[in-house]
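Here's the letter readout for the chains.
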Amino acid sequence: MMTTSVTKIILIVVVIYFTMLLLTKFKRAIERLDLKSHGIEVLLVGEDGLPILSTLSSEEDKLAAMCTVIAVSSERNMQELGKVLDYVVISSRGEGGIVIARLSSSYLVLIYPSSEKLGLTLFFMRKLKKELGEVF
Amino acid sequence: MKPIRILVSGPLGAGKTTFVSTLCSSNVFISTDRAVTSPIEKKYKDVTTVAFDFGVTRYSNVKLMLYGTPGQQRFFYFIPILMRQCEYLLFLVDSSSVASVYRGRALFERYFRRKLGHFKNFLIVANKTDLPNPLPLEEIAEIMNVNLNKIAKSVAKDKNSCLRVISKLLEPIKAKLMVNSLRREILK
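Residues numbered from 1 in each chain as written. Chains lettered and ligands numbered in written order. Predicted model: local features only at pLDDT ≥ 70, side-chain atom pairs only at ≥ 80, totals over all residues. Heavy atoms only, no water.

Draft legend 1. Inspection of the overall build of chain B at higher detail. Tallying secondary structure elements over chain B gives seven helices and nine strands in all. The C-alpha atoms of chain B give 16 Å as radius of gyration, which agrees with the globular expectation for 188 residues (16 Å, within 12%). With the C-alpha coordinates aligned to their principal axes, the bounding extent of chain B is approximately 55 × 35 × 30 Å. Burial analysis of chain B (188 residues in total) assigns 52% to the buried set. Taking the intrachain contacts of chain B between residues at least 6 apart in sequence as the baseline, contacts between residues at least 24 apart amount to 72%. Of the roughly 9200 Å² that chain B leaves accessible, carbon and sulfur atoms contribute 54%. Considering chain B, the positive charge centre built from 30 side chains and the negative charge centre built from 14 side chains are found 8 Å apart. (Helix = DSSP H or I, 4+ residues; strand = E, 2+ residues; numbered from the N terminus. Rg over C-alpha atoms; globule rule 2.2 N^0.38 Å. Buried < 20%, exposed > 50% of the residue type's maximum accessible area, 1.4 Å probe, protein only. Contact = heavy atoms within 4.5 Å. Areas by Shrake-Rupley, 256 points an atom, 1.4 Å probe, with all protein chains shown as cover. Lys, Arg positive; Asp, Glu negative; His and termini not counted. Charge placed at Lys NZ, Arg CZ, Asp CG, Glu CD.)

Structure (structure tokens):
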């Protein structure tokens, strides 16, 4: 009885430690690229549409689900063509847009404003993909 | 005859993907299943539909296009988008679980009850009737607040059972389907 409780506590501590480690890695990567000053928001979404980490203050759940639907549908399209999905770009009329990239077991979403160039956002996406791709 | 579009909806774990795949796996079947990451959701199932399921099959020489909705609440915004395309509705519930039927009622009330006029016909499908202690159809009709003749039972893994549900759903146009079938035979 005592042993199982101790094991449970150890397990919880380990999970918290690793979560904090991932959170720090995510924050550091974003700070290093100075995405805040570019007005770019970042969202990390699980394959099943649940948000993992985000710099967004609100509406992240809905956006996470919507981005997953787009990414999964696009992935299925590529699969039908015998290709592998790299990223998806959703562009609005002069008001920025969204870039969704495939990581190993999640999706990386970058929301860029109208003031930001798509090319630069794609550059940031590649950098983030390199840093976070191994973990997520 | 124009293809018939059927929306297959229902709560989480009702058997929508299985239903569409059983009917369409020999023709066209597109699934967007992904592994579940949440431990709470993992209790119900290991993989879940993200986006939609899509399948094409033939019934009485008519092309049937089936659209399966996702069961997770966060994807429910996708239901009205899919609903616009479809003329018929199959609403699946897990008849072996009272909780699933009640979850189905909530979903049905929220998205379908007021839009039933949009569909040419609809059925509440009591799925998983092969499992032990399934709820009687009368009870499901009472919980779902629909007429008993709008309830059909099925086992989504069994193609014949799925075809019986389709047959009941398309009963109002049975004569039209027969004429279409005869015309095809004559033209052959």
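Draft legend 2. Fine view of the interface of chain B and chain A. With 18 residues of chain B in contact, the opposing surface of chain A contributes 13 residues. Between chain B and chain A, the buried area comes to about 1300 Å², and carbon and sulfur atoms account for 64% of it. The largest share of the area that chain B buries against chain A comes from B:Arg34, B:Arg74 and B:Tyr77, three residues that together contribute 44% of it. Across the chain B-chain A interface, the total number found is two salt bridges. In this structure, B:Arg34 engages A:Glu75 in a salt bridge whose closest nitrogen and oxygen atoms are separated by 3.0 Å. Seen at the junction of chain B and chain A, the total is four residue pairs in polar contact (both at pLDDT 80 or more). Contributing elements (two or more residues each) for the side of chain B that touches chain A: strand 2 (28-30) and strand 3 (33-35) of chain B. (Buried area = accessible area lost by both parts, 1.4 Å probe. Salt bridge = Lys/Arg side-chain N within 4 Å of Asp/Glu carboxyl O. Polar contact = N/O pair within 3.5 Å; in protein donor to acceptor, adjacent residues only side chain to side chain.)

Draft legend 3. Quick peek at the sheet that holds strand 8 (residues 121-127) of chain B. All names here are of chain B. Taken together, seven strands build an open sheet; the order of strands is 2-5-6-1-7-8-9 and the sheet is mixed. Of all the strands in the sheet, just strand 2 and strand 9 (151-153) have a single pairing partner and so form its edges. Adjacent strand axes in the sheet meet at a mean angle of 25°, parallel and antiparallel pairs treated alike. As paired strands, strand 1 (residues 4-9) and strand 6 (residues 62-68) are joined by five bridges and run parallel to one another. When the bridges of strand 6 are listed, Arg5 appears paired with Met65. Along the sheet face, helix 1 (residues 16-24) touches strand 1, strand 2, strand 5 (53-59), strand 6 and strand 7 (88-94) and points at about 40° away from the line of strand 5. (Pairing = 2+ DSSP bridges. Axes fitted to C-alpha atoms, helices over the stretch in contact; angles between N-to-C directions.)

Draft legend 4. Inspection of the layout of surface pockets at higher detail. As a volume, the largest pocket reaches approximately 470 Å³. Lining the largest pocket are 29 residues; nearest its centre among them are B:Gly13, B:Ala14, B:Gly15, B:Thr18 and B:Lys128. For the lining of the largest pocket, the secondary structure elements donating two or more residues are helix 1, strand 4 (47-49) and helix 4 (98-112) of chain B. By residue class, the composition of the lining of the largest pocket is eight nonpolar, 11 polar and 10 charged. Approximately 360 Å³ is the volume attributed to the second largest pocket. Lining the second largest pocket are 13 residues, and of these A:Gly46, A:Pro51, A:Ile52, B:Thr37 and B:Ser38 lie nearest its centre. For the lining of the second largest pocket, the residue count by class is seven nonpolar, five polar and one charged. (1 Å grid on protein atoms, 1.4 Å probe; cavity = no way out; pocket = protein on both sides within 12 Å on 5 of 7 lines; lining within 4 Å. Points joined across faces, edges and corners; volume = space filled by probe spheres on them. Nonpolar A, V, L, I, M, F, W, Y, C, P; charged D, E, K, R; others polar.)

Draft legend 5. Just the packing of aromatic side chains, in detail. Residue and element names in this part refer to chain B. Per the counting criterion, the structure on display carries nine aromatic pairs over all chains. Between the aromatic rings of Phe54 and Tyr67, the centroid separation amounts to 5.2 Å while the plane-to-plane angle is 55°, which identifies the pairing as tilted. Pair noted here: Phe54 is in strand 5 and Tyr67 is in strand 6, with a separation of 13 residues, a long-range link. The exposure class of Phe54 is buried, given its relative accessible area of 15%. An aromatic cluster is defined as three or more aromatic residues linked by ring pairs; in this entry it consists of Phe91, Phe108, Phe112 and Phe122. (Phe/Tyr/Trp six-rings, centres within 6.5 Å; stacked < 30°, edge-to-face > 60°.)

Draft legend 6. Summary view of the packing of helix 1 of chain B against helix 6 (residues 159-169) of chain B. All names here are of chain B. In contact at an axis separation of 9 Å, helix 1 and helix 6 are set at 100° when each is read in the N-to-C sense. In this view, helix 1 runs roughly perpendicular relative to helix 6, as classed from their interaxial angle. Across from Phe19, Thr22 and Leu23 in helix 1, the residues of helix 6 making contact are Lys159, Cys162, Leu163, Val165 and Ile166. Classifying every residue of the contact of helix 1 with helix 6 gives six nonpolar, one polar and one charged. (Parallel < 35°, antiparallel > 145°, perpendicular 65-115°, else oblique.)

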